[in-house]
Amino acid sequence: MSDTETQVRTAIREALRHIAPEVELDQVDPTADLRDEIDLDSVDAMNLLVRLHESLGVEIPESDYSRIATLDGMVTYLEGRLAGEG
Amino acid sequence: MSRTYDMPALGAGMESGIVVEWHVEPGQAVKRGDVIGIVDTEKGAIDIEIWDDAEIAEILAPPGTEVPVGEPLLRLKVAGEDVDLDPREDEAPEVEPQEAPASQEAPAPEVAAADVVAPPQAPPSPAPRRRVSPLARRRAEALGVDPERVEGTGPGGAVTAADVEAAAGGDPSPPSPEPTPEPDPAPAPDPSPEPDRQAAMRRAIAAAMTRSKREIPHYYLSHTLSMESTLRRLEEVNRDRPPAERILVAALYIKAVAQGLEAFPELNGFWEDDAFRQADGIHPGLAISLRGGGLVAPALHDAPSRSLEELTSGIRDVVQRARAGRLRGSEVTDPTITVTSLGDRGVDTVFGVIHPPQVAIVGIGTVVERPWAEGGMVGSHRTVTLTLSADHRAGDGHRGSLFLARVAHLLHTGDEL
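Residues numbered from 1 in each chain as written. Chains lettered and ligands numbered in written order. Predicted model: local features only at pLDDT ≥ 70, side-chain atom pairs only at ≥ 80, totals over all residues. Heavy atoms only, no water.

Visitor: Is there a simple way to explain the sheet that holds strand E6 (residues 54-59) of chain B in this structure?
Guide: Either a parallel or an antiparallel arrangement is found when strands of a sheet pair, and the pairing is made through backbone hydrogen bonds. Across the sheet, 4 strands lie side by side as E1-E8-E6-E3 (chain B); this open sheet has antiparallel pairing. Looking at strand neighbours, the two that pair on one side only are strand E1 (2-6) and strand E3 (29-30) of chain B, the edges of this open sheet. (Pairing = 2+ DSSP bridges. Helix = DSSP H or I, 4+ residues; strand = E, 2+ residues; numbered from the N terminus.)

Visitor: What is the right way to look at the nonpolar core in this model?
Guide: Most often, soluble globular proteins keep nonpolar side chains buried together rather than apart. All names here are of chain B. In this structure, Leu73 and Ile315 are the most contacted members of the largest nonpolar core, which totals 78 residues. The dominant element in this core, judged by the number of residues it contributes, is helix H6 (residues 249-263), at 9 residues. For this core, the domains that each give at least three residues are domain 1 (2-191) and domain 2 (217-413). Residues in contact with Leu73, not counting those within four places in the same chain, are Tyr5, Asp6, Met7, Pro8, Val19, Trp22, Ile48, Ile59, Leu60, Ala61 and Val67. (Core = buried A, V, L, I, M, F, W, Y, C linked by side-chain atoms within 4.5 Å. Buried < 20%, exposed > 50% of the residue type's maximum accessible area, 1.4 Å probe, protein only. Domains from an automatic or database assignment. Contact = heavy atoms within 4.5 Å.)

Visitor: What is the right way to read helix H3 (residues 42-56) of chain A from this model?
Guide: Side chains of residues three or four places apart in an α-helix project in the same direction, reflecting 3.6 residues per turn. Here H3(A) spans 21 Å end to end across 15 residues, near enough to the 21 Å set by a 1.5 Å rise per residue. For H3(A), the full list of buried residues reads Val43(A), Asp44(A), Ala45(A), Met46(A), Asn47(A), Leu48(A), Leu49(A), Val50(A), Leu52(A) and Leu56(A). Tucked into the core, H3(A) has its buried residues touching helix H1 (3-19), helix H2 (34-38) and helix H4 (71-82) of chain A together with helix H7 (308-324) of chain B. Positive backbone phi, approximately 75 degrees, marks Gly57(A), located one or two places after H3(A). (Expected span 1.5 Å × (residues − 1).)

Visitor: Would you explain the packing of H6(B) against H7(B) in this entry?
Guide: All names here are of chain B. One can describe the packing of H6 onto H7 by two numbers: an axis separation of 9 Å at closest approach and a directional angle of 110 degrees. Between H6 and H7, the interaxial angle falls into the category roughly perpendicular. With respect to the hand of their crossing, H6 and H7 are arranged in right-handed fashion. Mapping the contact onto sequence places Ala250, Ala251, Leu252, Ile254 and Lys255 in H6 and Leu308, Leu311, Thr312 and Ile315 in H7. Each residue belonging to the contact of H6 with H7 can be placed in one class, and the counts come to 7 nonpolar, 1 polar and 1 charged. (Axes fitted to C-alpha atoms, helices over the stretch in contact; angles between N-to-C directions. Parallel < 35°, antiparallel > 145°, perpendicular 65-115°, else oblique. Left-handed = near helix turned anticlockwise from the far one by under 90°. Nonpolar A, V, L, I, M, F, W, Y, C, P; charged D, E, K, R; others polar.)

Visitor: What exactly am I supposed to notice about the environment of Leu248(B) here?
Guide: Residues and elements named next belong to chain B. Assignment of secondary structure puts Leu248 in the loop between helix H5 (228-239) and H6. Here Leu248 falls in the buried class, since its relative accessible area comes to 7%. Residues Leu248 and Arg316 lie 68 residues apart in sequence; the distance between their C-alpha atoms is 9.0 Å.

Visitor: Explain a negative patch on the surface here, please?
Guide: Residues and elements named next belong to chain A. Negative charge collects at one region of the surface, where Asp29, Asp33, Glu37 and Asp72 lie side by side. Note on placement: Asp29 falls in the loop between H1 and H2. Residue Asp29 is classed as partly exposed on the basis of its relative accessible area of 34%. (Patch = residues over 30% accessible without salt bridge, like charges linked within 9 Å, V, L, I, M, F, W, Y side chains within 5 Å. Areas by Shrake-Rupley, 256 points an atom, 1.4 Å probe, with all protein chains shown as cover. Salt bridge = Lys/Arg side-chain N within 4 Å of Asp/Glu carboxyl O. Lys, Arg positive; Asp, Glu negative; His and termini not counted. Charge placed at Lys NZ, Arg CZ, Asp CG, Glu CD.)

Visitor: Explain the side chain of Asn268(B) to me, please; I cannot follow it from the model alone.
Guide: All names here are of chain B. Mapped onto the elements, Asn268 comes out in the loop between H6 and strand E10 (269-272). Of the polar contacts made by the side chain of Asn268, one reaches the side chain of Thr336; its length is 2.5 Å. Contact partners of Asn268, with chain neighbours within four places excluded, come to Leu261, Phe276, Gln278, Ala279, Gly281, Ile282, Thr336 and Ile337. (Polar contact = N/O pair within 3.5 Å; in protein donor to acceptor, adjacent residues only side chain to side chain.)

Visitor: Just to check I follow, could you spell out the pattern of salt bridges for this structure?
Guide: Where side chains of opposite charge bring their charged atoms close, a pairing between them can arise. Residue and element names in this part refer to chain B. Taken as a whole and assessed by the stated rule, the structure comprises 28 salt bridges over all chains. When the shortest N-O distance is used, the salt bridge between Arg321 and Glu331 registers 2.7 Å. Placement of the pair is Arg321 in helix H7 and Glu331 in helix H8 (residues 329-333), with a sequence separation of 10 residues. Each of Glu228, Arg232, Glu235 and Arg382 takes part in one network of salt bridges that share partners.

Visitor: Explain unusual backbone geometry here, please?
Guide: Across the chain, the bulk of peptide bonds are trans and the bulk of non-glycine residues have phi less than zero. All names here are of chain B. In this chain, Pro356 is followed by Pro357 through a cis amide linkage whose omega measures 5 degrees. Relative to the assigned elements, Pro357 resides in the loop between strand E16 (337-341) and strand E17 (360-364). In this model, Asp273 sits at a positive phi of 50 degrees, which is unusual for a non-glycine residue. The topology assignment puts Asp273 in the loop between E10 and strand E11 (275-278). Here the phi dihedral of Asp274 falls at roughly 60 degrees; this positive angle occurs in a residue that is not glycine.

Visitor: Is there a simple way to think about H5(B) in this case?
Guide: Residue and element names in this part refer to chain B. End to end, H5 covers 16 Å across 12 residues, agreeing with the expected 16 Å (1.5 Å per residue, within 8%). Where H5 is concerned, the buried positions are Glu228, Thr230, Leu231, Leu234 and Asn238. End-on, the buried residues of H5 take up no more than an arc of 165 degrees, which puts them together on one face. Facing away from the buried side of H5 by more than 90 degrees, the exposed set consists of Arg232 and Glu236. The inward-facing, buried residues of H5 contact strand E9 (218-226), H6, strand E19 (377-391) and helix H9 (397-413). (Arc of directions from axis to C-beta.)

Visitor: What am I meant to see in the packing of H5(B) against H9(B) here?
Guide: Helix-helix packing: each pair is described by the crossing angle between the helix axes and the interaxial distance. All names here are of chain B. H9 packs onto H5 with a crossing angle of 45 degrees between their chain directions and a minimal axis gap of 6 Å. Taken together, the axes of H5 and H9 lie oblique to each other. Residues Ser229, Thr230 and Arg233 of H5 pack against Leu411, His412 and Thr413 of H9. Grouping the constituent residues of the contact of H5 with H9 by class yields 1 nonpolar, 4 polar and 1 charged.

Rendered as C-alpha coordinates:
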(Lines give C-alpha, C1' and ligand atoms only; values in the text may rest on other atoms or scores of the structure.)
Protein backbone atom coordinates (compact mmCIF):
# COMPACT_ATOMS: atom_id res chain seq x y z
CA MET A 1 0.00 0.00 0.00
CA SER A 2 1.42 3.38 -0.99
CA ASP A 3 1.89 6.10 1.58
CA THR A 4 -0.88 8.14 -0.01
CA GLU A 5 -3.27 5.22 0.06
CA THR A 6 -2.48 4.63 3.73
CA GLN A 7 -3.07 8.30 4.43
CA VAL A 8 -6.41 8.24 2.60
CA ARG A 9 -7.64 5.08 4.28
CA THR A 10 -6.64 6.39 7.69
CA ALA A 11 -8.55 9.61 7.03
CA ILE A 12 -11.66 7.72 5.94
CA ARG A 13 -11.46 5.40 8.94
CA GLU A 14 -11.00 8.34 11.32
CA ALA A 15 -13.90 10.28 9.79
CA LEU A 16 -16.22 7.28 10.01
CA ARG A 17 -15.29 6.75 13.63
CA HIS A 18 -17.37 9.85 14.42
CA ILE A 19 -20.17 9.09 11.99
CA ALA A 20 -20.58 5.30 11.99
CA PRO A 21 -18.46 4.13 14.93
CA GLU A 22 -19.36 0.46 14.64
CA VAL A 23 -18.20 0.13 11.03
CA GLU A 24 -15.13 -2.01 10.28
CA LEU A 25 -13.73 -0.73 7.00
CA ASP A 26 -12.03 -4.07 6.34
CA GLN A 27 -15.42 -5.73 6.24
CA VAL A 28 -16.95 -3.33 3.76
CA ASP A 29 -17.36 -4.58 0.18
CA PRO A 30 -15.07 -2.07 -1.56
CA THR A 31 -16.99 -2.28 -4.83
CA ALA A 32 -20.48 -1.85 -3.38
CA ASP A 33 -22.22 1.49 -2.84
CA LEU A 34 -20.57 2.73 0.36
CA ARG A 35 -23.65 4.54 1.65
CA ASP A 36 -25.75 1.39 1.25
CA GLU A 37 -23.01 -0.79 2.71
CA ILE A 38 -22.71 1.15 5.95
CA ASP A 39 -26.08 2.92 5.94
CA LEU A 40 -25.08 6.57 5.63
CA ASP A 41 -27.84 9.10 5.11
CA SER A 42 -27.33 12.41 3.33
CA VAL A 43 -26.36 14.19 6.56
CA ASP A 44 -23.78 11.50 7.36
CA ALA A 45 -22.45 11.75 3.81
CA MET A 46 -22.04 15.51 4.16
CA ASN A 47 -20.33 15.10 7.52
CA LEU A 48 -17.96 12.57 5.94
CA LEU A 49 -17.02 15.02 3.17
CA VAL A 50 -16.51 17.83 5.66
CA ARG A 51 -14.20 15.67 7.76
CA LEU A 52 -12.23 14.49 4.72
CA HIS A 53 -11.89 18.11 3.64
CA GLU A 54 -10.53 18.99 7.08
CA SER A 55 -8.11 16.07 7.33
CA LEU A 56 -6.86 15.79 3.73
CA GLY A 57 -7.53 19.29 2.44
CA VAL A 58 -9.41 17.82 -0.53
CA GLU A 59 -12.65 19.58 -1.40
CA ILE A 60 -14.94 17.17 -3.22
CA PRO A 61 -17.46 19.03 -5.41
CA GLU A 62 -21.01 17.70 -5.65
CA SER A 63 -20.44 16.97 -9.32
CA ASP A 64 -17.85 14.33 -8.35
CA TYR A 65 -20.14 12.48 -5.95
CA SER A 66 -20.67 9.64 -8.43
CA ARG A 67 -16.92 8.95 -8.44
CA ILE A 68 -16.81 8.36 -4.70
CA ALA A 69 -19.83 6.09 -4.44
CA THR A 70 -17.80 3.00 -3.52
CA LEU A 71 -14.95 2.64 -1.04
CA ASP A 72 -12.52 1.73 -3.86
CA GLY A 73 -13.76 4.68 -5.89
CA MET A 74 -13.37 7.05 -2.96
CA VAL A 75 -9.83 5.86 -2.21
CA THR A 76 -8.78 6.11 -5.87
CA TYR A 77 -10.39 9.54 -6.23
CA LEU A 78 -8.78 10.95 -3.10
CA GLU A 79 -5.37 9.48 -4.00
CA GLY A 80 -5.65 11.13 -7.40
CA ARG A 81 -6.62 14.47 -5.93
CA LEU A 82 -3.77 14.32 -3.42
CA ALA A 83 -1.38 13.48 -6.24
CA GLY A 84 -2.45 16.68 -7.95
CA GLU A 85 -4.73 15.26 -10.62
CA GLY A 86 -8.25 16.59 -11.27
CA MET B 1 -34.63 33.61 47.42
CA SER B 2 -34.22 29.93 46.94
CA ARG B 3 -35.93 27.43 44.77
CA THR B 4 -35.32 23.98 43.44
CA TYR B 5 -34.26 22.74 40.05
CA ASP B 6 -36.29 19.63 39.42
CA MET B 7 -35.81 16.55 37.29
CA PRO B 8 -37.16 17.65 33.91
CA ALA B 9 -39.56 15.48 31.93
CA LEU B 10 -37.34 14.63 28.97
CA GLY B 11 -40.12 13.21 26.88
CA ALA B 12 -43.68 12.06 27.39
CA GLY B 13 -43.89 9.05 29.64
CA MET B 14 -40.53 9.55 31.34
CA GLU B 15 -40.93 8.66 34.99
CA SER B 16 -37.46 9.18 36.35
CA GLY B 17 -33.86 9.74 35.39
CA ILE B 18 -30.49 8.86 36.88
CA VAL B 19 -28.01 11.63 37.61
CA VAL B 20 -24.79 10.74 35.80
CA GLU B 21 -22.68 13.74 36.74
CA TRP B 22 -22.82 17.40 37.66
CA HIS B 23 -20.78 20.06 35.88
CA VAL B 24 -21.48 22.50 38.71
CA GLU B 25 -20.74 22.75 42.40
CA PRO B 26 -22.30 24.66 45.29
CA GLY B 27 -21.49 28.36 45.15
CA GLN B 28 -21.07 28.37 41.39
CA ALA B 29 -22.94 30.95 39.32
CA VAL B 30 -24.77 29.69 36.25
CA LYS B 31 -26.43 31.44 33.35
CA ARG B 32 -29.65 30.64 31.57
CA GLY B 33 -28.97 27.94 28.96
CA ASP B 34 -25.84 26.55 30.63
CA VAL B 35 -25.49 22.79 30.60
CA ILE B 36 -25.21 21.91 34.28
CA GLY B 37 -25.10 18.14 34.22
CA ILE B 38 -25.98 14.85 32.57
CA VAL B 39 -29.03 12.73 33.24
CA ASP B 40 -29.43 9.19 31.97
CA THR B 41 -32.83 8.41 30.46
CA GLU B 42 -34.30 5.82 28.18
CA LYS B 43 -33.49 8.22 25.34
CA GLY B 44 -29.85 8.06 26.30
CA ALA B 45 -27.72 10.39 28.36
CA ILE B 46 -28.93 13.96 28.02
CA ASP B 47 -27.30 17.28 28.86
CA ILE B 48 -29.63 19.20 31.15
CA GLU B 49 -29.77 22.99 31.07
CA ILE B 50 -30.62 25.68 33.58
CA TRP B 51 -33.51 28.05 32.85
CA ASP B 52 -32.45 31.14 34.79
CA ASP B 53 -29.37 32.94 35.94
CA ALA B 54 -28.77 31.60 39.43
CA GLU B 55 -26.25 30.33 41.92
CA ILE B 56 -26.05 26.67 42.82
CA ALA B 57 -26.84 26.46 46.53
CA GLU B 58 -26.78 22.74 47.04
CA ILE B 59 -26.74 19.48 45.15
CA LEU B 60 -29.64 17.40 46.43
CA ALA B 61 -29.22 14.43 44.12
CA PRO B 62 -25.63 13.18 43.90
CA PRO B 63 -24.47 11.19 40.85
CA GLY B 64 -25.98 7.75 40.78
CA THR B 65 -29.30 8.84 42.25
CA GLU B 66 -32.48 7.96 40.43
CA VAL B 67 -34.90 10.87 40.73
CA PRO B 68 -38.56 10.91 39.66
CA VAL B 69 -39.65 13.60 37.22
CA GLY B 70 -40.57 16.80 39.05
CA GLU B 71 -38.55 16.06 42.16
CA PRO B 72 -35.65 18.29 43.13
CA LEU B 73 -32.11 17.84 41.87
CA LEU B 74 -30.54 21.08 43.03
CA ARG B 75 -31.31 24.02 45.25
CA LEU B 76 -30.70 27.36 43.55
CA LYS B 77 -30.17 30.83 44.91
CA VAL B 78 -31.69 33.46 42.69
CA ALA B 79 -30.33 36.87 43.59
CA GLY B 80 -32.58 39.82 44.39
CA GLU B 81 -35.67 38.33 42.90
CA ASP B 82 -39.03 38.45 44.60
CA VAL B 83 -41.16 37.28 41.75
CA ASP B 84 -40.95 33.86 40.26
CA LEU B 85 -40.37 34.76 36.66
CA ASP B 86 -40.45 31.26 35.36
CA PRO B 87 -43.68 29.43 35.98
CA ARG B 88 -41.93 26.16 35.31
CA GLU B 89 -39.92 26.49 38.48
CA ASP B 90 -41.37 25.48 41.77
CA GLU B 91 -41.07 27.61 44.80
CA ALA B 92 -40.34 24.94 47.29
CA PRO B 93 -40.17 25.37 51.04
CA GLU B 94 -36.52 25.36 51.86
CA VAL B 95 -36.58 22.72 54.51
CA GLU B 96 -38.59 20.21 52.55
CA PRO B 97 -37.78 20.53 48.91
CA GLN B 98 -38.71 16.94 48.32
CA GLU B 99 -42.33 17.69 49.01
CA ALA B 100 -42.66 20.37 46.38
CA PRO B 101 -45.59 19.91 44.06
CA ALA B 102 -44.77 18.10 40.86
CA SER B 103 -43.27 20.36 38.23
CA GLN B 104 -45.85 21.97 36.02
CA GLU B 105 -43.79 21.35 32.95
CA ALA B 106 -44.14 17.60 33.24
CA PRO B 107 -46.41 16.57 30.38
CA ALA B 108 -47.42 13.44 32.24
CA PRO B 109 -48.95 14.81 35.42
CA GLU B 110 -50.48 11.48 36.34
CA VAL B 111 -47.00 10.00 36.57
CA ALA B 112 -45.55 12.88 38.52
CA ALA B 113 -48.52 12.92 40.87
CA ALA B 114 -48.12 9.24 41.58
CA ASP B 115 -44.53 9.86 42.55
CA VAL B 116 -45.22 12.62 45.01
CA VAL B 117 -44.52 11.31 48.43
CA ALA B 118 -47.39 11.19 50.90
CA PRO B 119 -47.33 13.99 53.45
CA PRO B 120 -45.94 13.10 56.84
CA GLN B 121 -48.42 11.66 59.31
CA ALA B 122 -46.76 13.16 62.36
CA PRO B 123 -47.92 16.57 63.62
CA PRO B 124 -45.69 19.40 62.46
CA SER B 125 -42.58 19.73 64.54
CA PRO B 126 -41.17 23.11 65.47
CA ALA B 127 -37.68 22.06 64.47
CA PRO B 128 -36.88 22.12 60.77
CA ARG B 129 -37.01 18.62 59.41
CA ARG B 130 -34.11 16.78 57.91
CA ARG B 131 -33.64 16.68 54.22
CA VAL B 132 -34.41 13.25 52.85
CA SER B 133 -33.88 12.34 49.21
CA PRO B 134 -37.05 11.18 47.45
CA LEU B 135 -35.52 7.80 46.86
CA ALA B 136 -34.50 7.54 50.52
CA ARG B 137 -38.04 8.41 51.56
CA ARG B 138 -39.44 5.62 49.44
CA ARG B 139 -36.81 3.19 50.71
CA ALA B 140 -37.64 4.25 54.24
CA GLU B 141 -41.31 3.64 53.65
CA ALA B 142 -40.56 0.23 52.17
CA LEU B 143 -38.25 -0.67 55.05
CA GLY B 144 -40.46 0.70 57.78
CA VAL B 145 -37.77 3.15 58.91
CA ASP B 146 -38.49 6.67 60.14
CA PRO B 147 -36.24 8.78 57.90
CA GLU B 148 -36.23 11.58 60.50
CA ARG B 149 -34.29 9.34 62.85
CA VAL B 150 -31.67 8.32 60.31
CA GLU B 151 -28.25 9.93 60.32
CA GLY B 152 -27.68 11.56 56.96
CA THR B 153 -24.37 11.36 55.12
CA GLY B 154 -25.47 13.02 51.89
CA PRO B 155 -24.82 16.63 50.84
CA GLY B 156 -25.72 19.02 53.66
CA GLY B 157 -26.51 16.08 55.92
CA ALA B 158 -29.25 14.83 53.65
CA VAL B 159 -30.50 11.34 54.28
CA THR B 160 -29.74 9.08 51.32
CA ALA B 161 -31.21 5.71 50.45
CA ALA B 162 -27.97 4.10 51.59
CA ASP B 163 -28.34 5.78 55.01
CA VAL B 164 -31.85 4.40 55.28
CA GLU B 165 -30.68 0.92 54.41
CA ALA B 166 -27.84 1.13 56.90
CA ALA B 167 -30.30 2.24 59.59
CA ALA B 168 -32.60 -0.64 58.69
CA GLY B 169 -29.85 -3.05 59.61
CA GLY B 170 -28.17 -3.32 56.27
CA ASP B 171 -30.77 -5.63 54.84
CA PRO B 172 -31.42 -4.27 51.39
CA SER B 173 -34.07 -6.77 50.38
CA PRO B 174 -37.09 -6.55 52.67
CA PRO B 175 -40.62 -7.18 51.50
CA SER B 176 -41.46 -4.12 49.46
CA PRO B 177 -44.89 -2.85 48.51
CA GLU B 178 -43.44 -1.45 45.30
CA PRO B 179 -43.67 -3.69 42.27
CA THR B 180 -40.14 -2.80 41.18
CA PRO B 181 -37.63 -2.12 43.94
CA GLU B 182 -35.36 0.82 43.23
CA PRO B 183 -31.81 -0.04 42.28
CA ASP B 184 -29.25 0.78 44.92
CA PRO B 185 -28.18 4.32 44.13
CA ALA B 186 -24.96 4.13 46.10
CA PRO B 187 -22.51 2.82 43.49
CA ALA B 188 -20.88 5.17 41.00
CA PRO B 189 -22.96 5.95 37.95
CA ASP B 190 -22.80 3.20 35.42
CA PRO B 191 -24.50 4.27 32.20
CA SER B 192 -26.49 1.36 30.90
CA PRO B 193 -24.65 -0.95 28.60
CA GLU B 194 -25.72 -0.64 24.97
CA PRO B 195 -28.21 -3.54 24.80
CA ASP B 196 -30.05 -2.23 27.88
CA ARG B 197 -30.14 1.24 26.40
CA GLN B 198 -31.61 -0.06 23.18
CA ALA B 199 -34.18 -2.13 25.02
CA ALA B 200 -35.15 0.90 27.11
CA MET B 201 -35.43 3.10 24.03
CA ARG B 202 -37.52 0.44 22.30
CA ARG B 203 -39.88 0.40 25.28
CA ALA B 204 -40.10 4.21 25.27
CA ILE B 205 -40.92 4.26 21.56
CA ALA B 206 -43.42 1.45 22.07
CA ALA B 207 -45.15 3.37 24.84
CA ALA B 208 -45.32 6.64 22.90
CA MET B 209 -46.50 5.04 19.67
CA THR B 210 -49.05 2.85 21.41
CA ARG B 211 -50.44 5.88 23.17
CA SER B 212 -50.50 7.75 19.86
CA LYS B 213 -52.38 5.06 17.98
CA ARG B 214 -54.75 4.43 20.86
CA GLU B 215 -55.58 8.04 21.65
CA ILE B 216 -54.99 10.10 18.53
CA PRO B 217 -57.46 9.91 15.65
CA HIS B 218 -55.00 10.55 12.82
CA TYR B 219 -56.04 11.92 9.46
CA TYR B 220 -53.64 11.64 6.54
CA LEU B 221 -52.96 13.86 3.53
CA SER B 222 -50.47 13.49 0.71
CA HIS B 223 -49.17 15.76 -2.01
CA THR B 224 -46.50 15.32 -4.69
CA LEU B 225 -44.61 18.28 -6.14
CA SER B 226 -41.80 18.93 -8.56
CA MET B 227 -38.54 19.91 -6.86
CA GLU B 228 -36.69 20.14 -10.17
CA SER B 229 -36.11 23.89 -10.35
CA THR B 230 -35.43 24.18 -6.61
CA LEU B 231 -32.87 21.35 -6.69
CA ARG B 232 -31.16 22.93 -9.70
CA ARG B 233 -30.82 26.17 -7.83
CA LEU B 234 -29.56 24.33 -4.79
CA GLU B 235 -26.89 22.64 -6.92
CA GLU B 236 -25.99 26.03 -8.35
CA VAL B 237 -25.63 27.52 -4.87
CA ASN B 238 -23.60 24.58 -3.58
CA ARG B 239 -21.32 24.29 -6.60
CA ASP B 240 -18.61 26.64 -5.45
CA ARG B 241 -18.93 26.11 -1.76
CA PRO B 242 -16.62 23.98 0.38
CA PRO B 243 -18.40 20.94 1.89
CA ALA B 244 -18.98 22.59 5.27
CA GLU B 245 -20.89 25.49 3.71
CA ARG B 246 -23.17 23.53 1.39
CA ILE B 247 -26.88 23.58 2.09
CA LEU B 248 -28.63 20.30 2.78
CA VAL B 249 -31.98 19.73 1.14
CA ALA B 250 -33.24 18.73 4.60
CA ALA B 251 -32.74 22.38 5.64
CA LEU B 252 -35.15 23.41 2.87
CA TYR B 253 -37.73 20.96 4.17
CA ILE B 254 -37.43 22.15 7.76
CA LYS B 255 -37.59 25.79 6.72
CA ALA B 256 -40.65 25.26 4.50
CA VAL B 257 -42.52 23.38 7.23
CA ALA B 258 -41.62 26.05 9.79
CA GLN B 259 -42.70 28.91 7.53
CA GLY B 260 -45.89 27.06 6.67
CA LEU B 261 -46.70 26.73 10.36
CA GLU B 262 -46.55 30.50 10.80
CA ALA B 263 -49.82 30.67 8.87
CA PHE B 264 -51.25 27.48 10.42
CA PRO B 265 -50.44 27.67 14.12
CA GLU B 266 -53.17 25.15 14.92
CA LEU B 267 -50.79 22.41 13.79
CA ASN B 268 -47.93 23.69 15.96
CA GLY B 269 -48.53 22.66 19.55
CA PHE B 270 -49.94 20.06 21.87
CA TRP B 271 -53.16 18.26 22.68
CA GLU B 272 -53.40 18.29 26.47
CA ASP B 273 -56.35 17.83 28.81
CA ASP B 274 -58.87 17.68 25.99
CA ALA B 275 -57.75 20.95 24.46
CA PHE B 276 -55.21 22.24 21.99
CA ARG B 277 -52.43 24.42 23.34
CA GLN B 278 -50.57 26.39 20.72
CA ALA B 279 -46.80 26.39 21.18
CA ASP B 280 -44.95 29.65 21.80
CA GLY B 281 -42.26 29.09 19.21
CA ILE B 282 -41.89 26.94 16.11
CA HIS B 283 -39.38 24.20 16.90
CA PRO B 284 -39.63 21.31 14.43
CA GLY B 285 -38.25 18.03 15.73
CA LEU B 286 -36.24 16.19 13.10
CA ALA B 287 -36.70 12.42 13.29
CA ILE B 288 -33.25 10.82 13.35
CA SER B 289 -32.81 7.08 13.17
CA LEU B 290 -30.02 5.79 15.36
CA ARG B 291 -27.50 3.29 14.14
CA GLY B 292 -28.41 -0.08 15.58
CA GLY B 293 -32.06 0.92 16.00
CA GLY B 294 -34.16 3.48 17.75
CA LEU B 295 -35.21 7.00 16.95
CA VAL B 296 -35.01 10.48 18.42
CA ALA B 297 -36.51 13.72 17.13
CA PRO B 298 -34.63 16.68 18.63
CA ALA B 299 -35.85 20.24 18.12
CA LEU B 300 -34.34 22.71 15.70
CA HIS B 301 -35.18 25.82 17.68
CA ASP B 302 -36.83 28.86 16.09
CA ALA B 303 -36.58 27.38 12.62
CA PRO B 304 -38.54 30.11 10.78
CA SER B 305 -35.97 32.77 11.60
CA ARG B 306 -32.86 30.71 10.85
CA SER B 307 -31.08 30.83 7.49
CA LEU B 308 -30.65 27.68 5.41
CA GLU B 309 -26.96 27.70 6.34
CA GLU B 310 -27.80 27.89 10.03
CA LEU B 311 -30.38 25.14 9.70
CA THR B 312 -27.91 22.94 7.80
CA SER B 313 -25.26 23.26 10.47
CA GLY B 314 -27.94 22.74 13.11
CA ILE B 315 -29.06 19.53 11.40
CA ARG B 316 -25.50 18.24 10.99
CA ASP B 317 -24.72 18.99 14.61
CA VAL B 318 -27.84 17.41 16.02
CA VAL B 319 -27.54 14.29 13.83
CA GLN B 320 -23.95 13.74 14.95
CA ARG B 321 -24.80 14.32 18.58
CA ALA B 322 -27.90 12.13 18.42
CA ARG B 323 -25.82 9.25 17.12
CA ALA B 324 -22.47 9.67 18.78
CA GLY B 325 -22.82 12.23 21.55
CA ARG B 326 -25.44 13.78 23.72
CA LEU B 327 -28.55 15.81 23.07
CA ARG B 328 -29.58 18.71 25.25
CA GLY B 329 -32.66 18.54 27.42
CA SER B 330 -34.28 21.44 25.56
CA GLU B 331 -33.76 19.68 22.24
CA VAL B 332 -35.57 16.64 23.56
CA THR B 333 -38.44 18.47 25.26
CA ASP B 334 -39.12 21.40 22.93
CA PRO B 335 -40.31 20.01 19.57
CA THR B 336 -43.68 21.45 18.60
CA ILE B 337 -44.16 19.25 15.50
CA THR B 338 -42.12 16.41 13.99
CA VAL B 339 -40.62 16.22 10.51
CA THR B 340 -39.58 12.81 9.24
CA SER B 341 -37.55 12.75 6.06
CA LEU B 342 -36.49 9.53 4.38
CA GLY B 343 -33.42 11.14 2.86
CA ASP B 344 -32.29 10.20 -0.60
CA ARG B 345 -32.22 6.42 -0.37
CA GLY B 346 -35.66 5.53 0.88
CA VAL B 347 -39.12 5.09 -0.58
CA ASP B 348 -41.60 7.56 -2.08
CA THR B 349 -43.93 8.15 0.80
CA VAL B 350 -43.95 8.03 4.59
CA PHE B 351 -47.07 8.40 6.70
CA GLY B 352 -45.87 9.29 10.17
CA VAL B 353 -47.28 8.41 13.56
CA ILE B 354 -47.81 11.53 15.66
CA HIS B 355 -45.57 11.86 18.70
CA PRO B 356 -47.89 12.77 21.58
CA PRO B 357 -48.70 15.35 22.82
CA GLN B 358 -47.84 16.95 19.45
CA VAL B 359 -50.68 17.16 16.95
CA ALA B 360 -48.92 16.70 13.62
CA ILE B 361 -46.05 15.06 11.79
CA VAL B 362 -44.90 15.95 8.29
CA GLY B 363 -43.46 13.11 6.21
CA ILE B 364 -41.06 13.74 3.35
CA GLY B 365 -40.33 10.93 0.92
CA THR B 366 -37.23 10.32 -1.14
CA VAL B 367 -36.71 12.52 -4.18
CA VAL B 368 -37.85 10.50 -7.21
CA GLU B 369 -37.47 11.30 -10.89
CA ARG B 370 -40.78 10.99 -12.78
CA PRO B 371 -42.51 12.12 -15.94
CA TRP B 372 -44.12 15.41 -14.95
CA ALA B 373 -46.61 17.54 -16.82
CA GLU B 374 -46.27 21.28 -16.36
CA GLY B 375 -47.39 24.17 -18.56
CA GLY B 376 -48.62 21.82 -21.24
CA MET B 377 -45.31 19.97 -21.45
CA VAL B 378 -44.24 16.61 -20.12
CA GLY B 379 -40.69 16.43 -18.87
CA SER B 380 -38.52 14.47 -16.49
CA HIS B 381 -38.65 16.08 -13.05
CA ARG B 382 -37.30 15.24 -9.66
CA THR B 383 -40.34 15.08 -7.39
CA VAL B 384 -41.02 14.60 -3.73
CA THR B 385 -44.14 13.43 -1.91
CA LEU B 386 -45.11 15.27 1.26
CA THR B 387 -47.55 13.85 3.76
CA LEU B 388 -49.26 15.21 6.81
CA SER B 389 -50.54 13.05 9.65
CA ALA B 390 -52.52 15.25 12.00
CA ASP B 391 -54.66 14.91 15.11
CA HIS B 392 -58.31 15.16 14.10
CA ARG B 393 -59.26 16.22 17.63
CA ALA B 394 -57.18 19.39 17.25
CA GLY B 395 -58.20 20.30 13.71
CA ASP B 396 -59.70 19.26 10.41
CA GLY B 397 -58.42 18.13 7.07
CA HIS B 398 -59.37 21.32 5.28
CA ARG B 399 -56.83 23.40 7.18
CA GLY B 400 -54.33 20.55 7.07
CA SER B 401 -54.67 20.46 3.31
CA LEU B 402 -54.08 24.20 2.99
CA PHE B 403 -51.02 23.87 5.21
CA LEU B 404 -49.51 21.05 3.17
CA ALA B 405 -50.19 22.93 -0.07
CA ARG B 406 -48.45 25.96 1.44
CA VAL B 407 -45.37 23.89 2.35
CA ALA B 408 -45.36 22.39 -1.15
CA HIS B 409 -45.54 25.85 -2.69
CA LEU B 410 -42.61 27.09 -0.61
CA LEU B 411 -40.53 24.07 -1.64
CA HIS B 412 -41.52 24.30 -5.28
CA THR B 413 -40.60 27.96 -5.65
CA GLY B 414 -37.48 27.63 -3.50
CA ASP B 415 -37.56 31.36 -2.78
CA GLU B 416 -35.37 30.82 0.25
CA LEU B 417 -32.40 30.01 -1.97
